[in-house]
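The lines below spell out each chain.
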Amino acid sequence: MVSNETTGPQVVPLGQPVVGGSSERPVGHGTAGLEDVEYDHGGRLAAVRAGELGSVHSWELVTAVDGPGTRLTVFLAGCLLRCLYCHNPDTLEIRRGKSVTAKELLRRVKRYRGVMTATGGGLTLSGGEPMMQPAYVRTLLRGAKAMGVHTAIDTSGFLGASCTDEMLDDIDLVLLDVKSGLPETYKRVTGQELAPTLAFGRRLAARGTEEVWVRFVLVPDLTDAIENVEAVAQYVASLGPVVTRVEVLPFHQMGRDKWAELGMTYELDGVRSPDPELLGRVRGQFRAHGLTTF
């Protein structure tokens, strides 16, 4: 593929998986082809509240990433978590994104609907944290479902209370990032509390209508403790059949330079990627609970 406004960014294989669950990510991904819009202050606030306008960091068209099939993944700007291993710290603040209307994004969904449908793919809303912009997400999900497009959100669950039942009715797949199983480890990793994530997962399990893929980032000497992994595995197993897949994602250093560019302190400099033995042990802990694990 050649990177341009019509086809989107080029996809190339990388040497190791990225945090987010794939060994493939596009080069030069961004907001190519998306029209930036300008409003006066009052008009902007009204459009945001109505779900007509949002802040977009980037988009990608990729295969077997962020859900099944070929997917248009949209990374929305803004996140309340401050994960030590975040590989896209430039998504943390809404103001760093590009103002894009929901109509503009849905035009892009329509453009790629044929290939997405043919491959069993669809639209994935990621971030940052998509639930930072719930009205915008609601509009995008409704518009995609009206076109018959499979939908997914990639979320930490921390703002799950902002995801209404109406929105969940328009979501086919939830990619739930469970950062840690022990509250103190979760606080160390993210700067926030674990309880909201657990509550959102239980809410999904109680509904039983959305498929859930759980993601766990394995960081040596941070999230790899046997008791921490076991706490995650026990929790995920308790959610029952809605969870059809667990992805253990190996930590990497690919986002380190972005922290420096943003003038942010990066605490994991020098931390190694997990070796095959550690990956095998952790995946084995999940499989011991009957969970399909990758």
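What counts and how
- Residues numbered from 1 in each chain as written.
- Predicted model: local features only at pLDDT ≥ 70, side-chain atom pairs only at ≥ 80, totals over all residues.
- Heavy atoms only, no water.
- Salt bridge = Lys/Arg side-chain N within 4 Å of Asp/Glu carboxyl O.
- Helix = DSSP H or I, 4+ residues; strand = E, 2+ residues; numbered from the N terminus.
- Buried < 20%, exposed > 50% of the residue type's maximum accessible area, 1.4 Å probe, protein only.
- Expected span 1.5 Å × (residues − 1).
- Arc of directions from axis to C-beta.
- Contact = heavy atoms within 4.5 Å.
- Pairing = 2+ DSSP bridges.
- Right-handed = clockwise from strand over helix to strand, strands pointing away.
- Axes fitted to C-alpha atoms, helices over the stretch in contact; angles between N-to-C directions.
- Left-handed = near helix turned anticlockwise from the far one by under 90°.

Comments concerning the pattern of salt bridges
Thinking step 1. Counted by the stated rule, this structure contains 17 salt bridges.
Thinking step 2. With a closest N to O distance of 3.1 Å, Asp154 and Arg215 form a salt bridge. Taken together, the residues Asp154 in strand E7 (residues 150–155) and Arg215 in strand E9 (residues 211–218) connect sequence positions 61 residues apart.
Thinking step 3. For Asp154, a relative accessible area of 8% puts it in the buried group.
Thinking step 4. We classify Arg215 as buried; its relative accessible area is 2%.
Thinking step 5. Salt-bridge contacts for Glu267 lead to Arg188; the nearest nitrogen and oxygen are separated by 2.9 Å. Here Glu267, found in the loop between helix H8 (256–261) and helix H9 (276–287), pairs with Arg188, found in helix H5 (residues 183–190); they are 79 residues apart in sequence, far enough to count as distant.
Thinking step 6. Taking the relative accessible area as the measure of exposure, Arg188 reaches 45% and is therefore partly exposed.
Thinking step 7. Linked through salt bridges whose partners overlap, the residues forming this network are Asp66, Asp154, Arg215, Arg245 and Glu247.

Points about unusual backbone geometry
Thinking step 1. Cis geometry marks the peptide bond from Gly127 to Gly128, where omega comes out at 15°.
Thinking step 2. In this structure, Gly128 sits in the loop between strand E6 (122–126) and helix H3 (134–146).
Thinking step 3. Positive phi is not limited to glycine here, since Asp66 has a value of about 55°.
Thinking step 4. Summarising the element assignment, Asp66 is placed in the loop between strand E3 (53–63) and strand E4 (70–76).
Thinking step 5. The class for Asp66 is buried, based on a relative accessible area of 2%.

Remarks on H9
Thinking step 1. Between its first and last C-alpha, H9 extends 16 Å over twelve residues, near the 16 Å set by a 1.5 Å rise per residue.
Thinking step 2. Turning to H9, its buried residues are Leu278, Leu279, Val282, Gln285 and Phe286. In a view along the axis of H9, the buried residues occupy a sector of 125°, so they form one face of it. Along H9, the residues that are exposed and aim more than 90 degrees away from the buried face are Pro276 and Glu277.
Thinking step 3. Each element contacted by the buried residues of H9 is listed here: E9, helix H7 (226–238) and strand E10 (243–250).

As for the pairing of E9
Thinking step 1. Counting buried residues in E9 gives seven out of eight residues, a clear majority hidden from the surface.
Thinking step 2. Relative to E9, strand E8 (residues 173–177) is paired through five bridges, and the arrangement is parallel. When the bridges of E9 are listed, Asp177 appears paired with Arg215.
Thinking step 3. Pairing of E9 with E10, which is carried by seven bridges, proceeds in the parallel orientation. Residue pairing for E10: Val217 is matched across the bridge by Leu249.
Thinking step 4. After leaving E9, the chain enters H7 and then returns to the sheet as E10, a path that is right-handed.

Here's the deal with the side chain of Thr73
Thinking step 1. With respect to the helices and strands, the residue Thr73 is situated in strand E4.
Thinking step 2. By relative accessible area, which is 0% here, Thr73 ends up buried.
Thinking step 3. If sequence neighbours within four positions are ignored, Thr73 has contacts with Ser58, Trp59, Glu60, Val62, Val65, Asp66, Thr124 and Ser126.

Re the sheet that holds E3
Thinking step 1. Pairing is mixed across the open sheet formed by eight strands, whose spatial order is E5-E3-E4-E6-E7-E8-E9-E10. Of all the strands in the sheet, just strand E5 (98–101) and E10 have a single pairing partner and so form its edges. Strand after strand, the sheet turns through a mean of 30° between neighbouring axes, direction not considered.
Thinking step 2. Sheet strands in contact with helix H2 (residues 102–119) are E3, E4, E5 and E6, and its direction is about 155° off that of E4.
Thinking step 3. Its contacts with the sheet place helix H6 (residues 195–207) against E7, E8 and E9, and it is angled at close to 155° to E8.

Points about the packing of H7 against H9
Thinking step 1. Two elements in contact, H7 and H9, have axes whose closest approach is 9 Å; the angle formed by their N-to-C orientations is 35°. The interaxial crossing formed by H7 with H9 has right-handed handedness. Seen from H7, the contacting residues are Ile226, Val229, Glu230, Val232 and Ala233; seen from H9, they are Arg281, Val282, Gln285 and Phe286.

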